[in-house]
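Residue strings, one per chain:
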Amino acid sequence: MSSFHASPVKTLMFGLVILLCAMTPAASAPVQVGIAATVVGDVRRSNTAIKKPIKIPRRQRLAWGDTLTTKGKSKLQILLLDRSTLTIGSNARLVINRFVYDPTKERSLGATVSKGAFRFMSGRKTKKSSASVQSSVGTIGIRGTAVDGVVGKEAVKIAKNEPFLDGVESDKDTATLVVLRGPGPNRSGDLDVGLVDVSAAGRTVRLDQPILAAYIPEPGAEPIGPFLLSANGLSKLQDLLAPRVTNANKSSLLNKLLPAAAIGIGLGLLLPGSGGDDGGDRCVGPNAAGAC
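Residues numbered from 1 in each chain as written. Predicted model: local features only at pLDDT ≥ 70, side-chain atom pairs only at ≥ 80, totals over all residues. Heavy atoms only, no water.

Chemist: Describe in detail unusual backbone geometry, supporting the description with residues and values.
Modeler: Cis geometry is found at the peptide bond from Gly-225 to Pro-226, where omega equals 5°. Its location among the elements puts Pro-226 in strand β17 (residues 224-228). The backbone of Asn-91 sits at a positive phi, close to 50°, despite the residue not being glycine. Among the structural elements, Asn-91 can be located in the loop between β7 (85-88) and β8 (93-102). (Helix = DSSP H or I, 4+ residues; strand = E, 2+ residues; numbered from the N terminus.)

So this is what it looks like as structure tokens:
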């Protein structure tokens, strides 16, 4: 018969292991980044805990690490806690890679769009704010503005009818088209024309005027541009982004979709001219301190 005598050091180490195991679920809890403000059709969500994508309803809370996909005739608009909005059209795929938000200091969003059309609209101004959208062929850096983009075959379709891109060969799975929308001269609220930097293969194209566009035709290619996107191309991109989703912002429908807490945190962008930051909850990604 053998016996085991635990030393004080071993006992302490064992206790620490038990404590760390008990803390793991809380430490790895999802960090909320926003809410599904508008859901049209079949929109699904997956992450490390949800392996098989499941359909989401309106008001679904969304977190860092979520992958969001839309089927045909389906659209999603996300209202982020910093008052920014991110919309994806039909047959799109979006991953929320990073989100940092401190109302008094900074905000930063990182996302990947691997296919489909998207629109990002910046929230209220802060001293340090940025957003980055990654596609399979390049990076789109956004500062204080509204930007539309599309990845994949729909980008190729639009590019084929653009005189500036005549003769350019494109990859139907990864080609990326980006256009700075920005507000018009009679803009209201805090949204500026801002800047968009489209980078790939060691070159960056800056978009600093509304309707300027850049195009990355395939992996390893430099971005082409800037050039003015035609009215026809702009119309096709708008159609991909779903009028029903866009129009929801202009009615009282959104108020019915959002819980009161989300309205208090994030409706400033959707209702231009409302008050300043309320110093509300802090929501951060895994690379910064805080919680929401």
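Read on for the rest.
Chemist: Let's hear about the nonpolar core: which residues, and what values?
Modeler: Nonpolar side chains in soluble globular proteins tend to be buried together. Counting 40 residues, the largest nonpolar core has Leu-68, Leu-76, Ile-78, Leu-94, Phe-120, Val-196 and Leu-207 as its most contacted members. For this core, the element with the highest residue contribution is strand β9 (residues 106-121), accounting for 5 residues. Setting aside residues up to four positions removed in sequence, Leu-68 forms contacts with Arg-44, Arg-45, Ile-56, Leu-62, Leu-76, Ile-78, Ile-88, Ala-92, Arg-93, Leu-94 and Ile-96. Ala-117, Ile-158, Leu-177 and Phe-227 belong to the second largest nonpolar core, which has 17 residues in total. (Core = buried A, V, L, I, M, F, W, Y, C linked by side-chain atoms within 4.5 Å. Buried < 20%, exposed > 50% of the residue type's maximum accessible area, 1.4 Å probe, protein only. Contact = heavy atoms within 4.5 Å.)

Chemist: Which residues make up the pairing of strand β16 (residues 212-216), and what values go with them?
Modeler: Across the 5 residues that make up β16, a large majority, 5, are buried. In β16, alternate side chains face the same way, and those of Leu-212, Ala-214 and Ile-216 on one face and Ala-213 and Tyr-215 on the other are all buried. The pairing of strand β13 (residues 176-180) with β16 spans 4 bridges and is antiparallel. Looking across to β16, one finds that Val-178 is bridged to Ala-214. Pairing between β16 and β17: 3 bridges, direction antiparallel. Paired with Tyr-215 across the two strands is Ile-224, which belongs to β17. (Pairing = 2+ DSSP bridges.)

Chemist: Describe a positive patch on the surface, naming the residues involved and giving the relevant values.
Modeler: Together, Lys-71, Arg-93, Lys-115 and Lys-153 line one region of the surface with positive charge. Positionally, Lys-71 belongs in the loop between β5 (67-70) and β6 (75-80). (Patch = residues over 30% accessible without salt bridge, like charges linked within 9 Å, V, L, I, M, F, W, Y side chains within 5 Å. Areas by Shrake-Rupley, 256 points an atom, 1.4 Å probe, with all protein chains shown as cover. Salt bridge = Lys/Arg side-chain N within 4 Å of Asp/Glu carboxyl O. Lys, Arg positive; Asp, Glu negative; His and termini not counted. Charge placed at Lys NZ, Arg CZ, Asp CG, Glu CD.)

Chemist: Just give me the short version of the side chain of Asp-148, but keep the residues and values in it.
Modeler: Topologically, Asp-148 is positioned in strand β12 (residues 146-151). A polar contact is formed between the side chain of Asp-148 and the side chain of Arg-119, at a distance of 2.7 Å. Side-chain polar atoms of Asp-148 contact the side chain of Arg-181, separated by 2.7 Å. The residues touching Asp-148, leaving out its near neighbours within four places in the chain, are Phe-118, Arg-119, Leu-177, Val-178, Val-179, Arg-181, Leu-237 and Leu-241. (Polar contact = N/O pair within 3.5 Å; in protein donor to acceptor, adjacent residues only side chain to side chain.)

Chemist: Describe in detail the pattern of salt bridges, supporting the description with residues and values.
Modeler: Taken as a whole and judged by the stated rule, the model has 8 salt bridges. The closest approach of N and O atoms between Arg-143 and Asp-197, which form a salt bridge, is 3.8 Å. Taken together, the positions of Arg-143 in strand β11 (residues 139-143) and Asp-197 in strand β14 (residues 195-200) put the pair 54 residues apart, joining distant regions of the chain. For Arg-143, a relative accessible area of 40% corresponds to the partly exposed category. The class for Asp-197 is buried, based on a relative accessible area of 18%. Between Glu-154 and Lys-157 there is a salt bridge, with the nearest N and O atoms lying 3.6 Å from each other. Here the residue Glu-154 and the residue Lys-157 both occupy positions in helix α2 (residues 153-160), the gap between them amounting to 3 residues, near one helical turn. Through salt bridges that share partners, Arg-119, Asp-148 and Arg-181 make up one connected network.

Chemist: Talk me through the confidence of the model for the protein; I want residue IDs and the actual numbers.
Modeler: Per-residue confidence for the protein gives a mean pLDDT of 77; residues scoring 70 or more make up 67%. Across the protein, β16 holds the top mean pLDDT of 98, while helix α6 (residues 260-266) sits lowest at 33. Ignoring residues within four places in sequence, the model shows residues 16-27, a span with pLDDT below 50, making 0 contacts including any to other chains. (pLDDT = per-residue confidence, 0-100.)

Chemist: Got a sec to walk through helix α3 (residues 231-240)? Specific residues and values, please.
Modeler: Taken together, the buried positions of α3 are Gly-233, Leu-234 and Leu-237. Looking down the long axis of α3, one finds its buried residues gathered within 100° of arc, a one-sided arrangement. Facing away from the buried side of α3 by over 90 degrees, the exposed positions are Ala-231 and Asp-239. (Arc of directions from axis to C-beta.)

Chemist: Got a sec to walk through the packing of aromatic side chains? Specific residues and values, please.
Modeler: This model, assessed by the stated rule, comprises 1 aromatic pair. Relative to Phe-227, the ring of Phe-164 lies with its centre 5.0 Å away and its plane at 15°, an arrangement referred to as stacked. One end of the pair, Phe-164, is in the loop between α2 and β13; the other, Phe-227, is in strand β17, with 63 residues separating them in the sequence. (Phe/Tyr/Trp six-rings, centres within 6.5 Å; stacked < 30°, edge-to-face > 60°.)

Chemist: Provide a residue-level description of the pairing of β11, including the pertinent values.
Modeler: Residues Ile-140 and Ile-142 line the buried face of β11, whereas the alternating positions Thr-139, Gly-141 and Arg-143 sit on a face that is not buried. Bridge count for β11 against β14 is 5 bridges, and the pairing is antiparallel. Note that in β14 the partner of Gly-141 across the bridge is Asp-197.

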